[in-house]
Amino acid sequence: FNPENALRFNDFDRTELRTILKLVCRKKELYISYKTVNFAVDLLEKQKVKPNFGNAGAIDSMLSDAQLRMSARYRMGMTPAGARQELTIQDFIRAKQKGAEKTGMAALDDLYNTGDIKKQL
């Protein structure tokens, strides 16, 4: 295989990233505000400089992480019961971006149903 003959795909522009993110959220029945979409697209733009930026794959990965944080927020009662599933800017910010890197047992706090695991450790 000659790498010079490999297919190359241009990265999506801001408008395309925004459109894909909104479509994926709609498909997953998640509400996301215009402000939050723009914040997420800004994060994706920063990732473009990294080698092997995954275009739509990067969106899926970022959205999966944000959904985990959203779920944790709902479980901790930070959102009223029965509220629609809405992604916020905070859901897209990783712990180390917040300035609160988690280590050891604290890293398990955002994961679902880890109480027994923490007890065993």
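This text follows the structure it describes.
Residues numbered from 1 in each chain as written. Predicted model: local features only at pLDDT ≥ 70, side-chain atom pairs only at ≥ 80, totals over all residues. Heavy atoms only, no water.

*Asks:* What is the right way to read the overall build of the protein from this model?
*Replies:* Summing up its helical and strand segments, the protein has four helices and two strands in all. Expressed as a percentage of its 121 residues, the buried residues of the protein come to 28%. Looking at the protein alone, contacts between residues at least 24 apart form 57% of all its contacts between residues at least 6 apart. For the protein, the accessible surface area stands at approximately 8700 Å², while carbon and sulfur atoms represent 52% of it. (Helix = DSSP H or I, 4+ residues; strand = E, 2+ residues; numbered from the N terminus. Buried < 20%, exposed > 50% of the residue type's maximum accessible area, 1.4 Å probe, protein only. Contact = heavy atoms within 4.5 Å. Areas by Shrake-Rupley, 256 points an atom, 1.4 Å probe, with all protein chains shown as cover.)

*Asks:* Explain the nonpolar core here, please?
*Replies:* Soluble globular proteins tend to pack their nonpolar side chains together in the buried interior. Counting 20 residues, the largest nonpolar core has Leu21, Cys25, Ile32, Leu44, Leu63, Leu87 and Phe92 as its most contacted members. Those elements that place two or more of their residues in this core are α1 (14–27), α2 (34–47) and α3 (56–75). The leading source of residues in this core is α3, at six residues. Setting aside residues up to four positions removed in sequence, leucine 63 forms contacts with Leu21, Val24, Cys25, Lys28, Leu87 and Phe92. (Core = buried A, V, L, I, M, F, W, Y, C linked by side-chain atoms within 4.5 Å.)

*Asks:* Whenever I open this one, the environment of asparagine 38 confuses me. Can you help?
*Replies:* With respect to the secondary-structure elements, asparagine 38 resides in helix α2. Accessibility expressed as a relative area gives 17% for asparagine 38, which makes it buried. Residues asparagine 38 and isoleucine 89 lie 51 residues apart in sequence; the distance between their C-alpha atoms is 9.4 Å. Those residues in contact with asparagine 38 that sit more than four places away from it in its chain are Arg14 and Arg18.

*Asks:* Explain the packing of α1 against α2 to me, please; I cannot follow it from the model alone.
*Replies:* Describing two packed helices takes the angle between their axes plus the distance from one axis to the other. As a packed pair, α1 and α2 sit with axes 10 Å apart at the nearest point and diverge in direction by 125°. Between α1 and α2, the angle is such that the two are oblique. For the element pair α1 and α2, the recorded crossing hand is right-handed. Where α1 approaches α2, its residues Arg14, Leu17, Arg18, Leu21 and Lys22 are matched on the opposing element by Val37, Asn38, Ala40, Val41, Asp42, Leu44 and Glu45. Here the residues of the contact of α1 with α2 sort into six nonpolar, one polar and five charged. (Axes fitted to C-alpha atoms, helices over the stretch in contact; angles between N-to-C directions. Parallel < 35°, antiparallel > 145°, perpendicular 65-115°, else oblique. Left-handed = near helix turned anticlockwise from the far one by under 90°. Nonpolar A, V, L, I, M, F, W, Y, C, P; charged D, E, K, R; others polar.)

*Asks:* I keep staring at α1 and nothing clicks. Help me out?
*Replies:* Each full turn of the α-helix corresponds to 3.6 residues, which orients residues three or four apart in the same direction. With 14 residues, α1 should reach 20 Å at 1.5 Å per residue; the first-to-last C-alpha distance of 20 Å fits that figure. Along its buried surface, α1 packs onto β1 (31–32), α2, α3 and β2 (86–87). Where α1 begins, one side-chain oxygen reaches toward the backbone nitrogen of threonine 15, 3.1 Å away; that side chain belongs to aspartate 13. Phi for glutamate 29, located one or two positions after α1, is positive at around 55°. (Expected span 1.5 Å × (residues − 1). Polar contact = N/O pair within 3.5 Å; in protein donor to acceptor, adjacent residues only side chain to side chain.)

*Asks:* What is the right way to look at unusual backbone geometry in this model?
*Replies:* If a residue is not glycine, its phi is most likely negative; likewise, a peptide bond is most likely trans. The backbone phi angle of glutamate 29 is positive, close to 55°, even though this residue is not glycine. Inspection of the secondary structure puts glutamate 29 in the loop between α1 and β1. Accessibility expressed as a relative area gives 68% for glutamate 29, which makes it exposed.

*Asks:* What is the right way to read the pattern of salt bridges from this model?
*Replies:* A side chain with one charge may pair with a side chain of the opposite charge, provided their charged atoms come close. On inspection of all chains with the given rule, the structure shows four salt bridges. A salt bridge links aspartate 42 to arginine 14, with the nearest nitrogen and oxygen atoms 2.9 Å apart. Taken together, the residues span a long stretch of sequence, with aspartate 42 in helix α2 and arginine 14 in helix α1 at a distance of 28 residues. We classify aspartate 42 as partly exposed; its relative accessible area is 36%. With relative accessibility at 30%, the residue arginine 14 sits in the partly exposed group. (Salt bridge = Lys/Arg side-chain N within 4 Å of Asp/Glu carboxyl O.)

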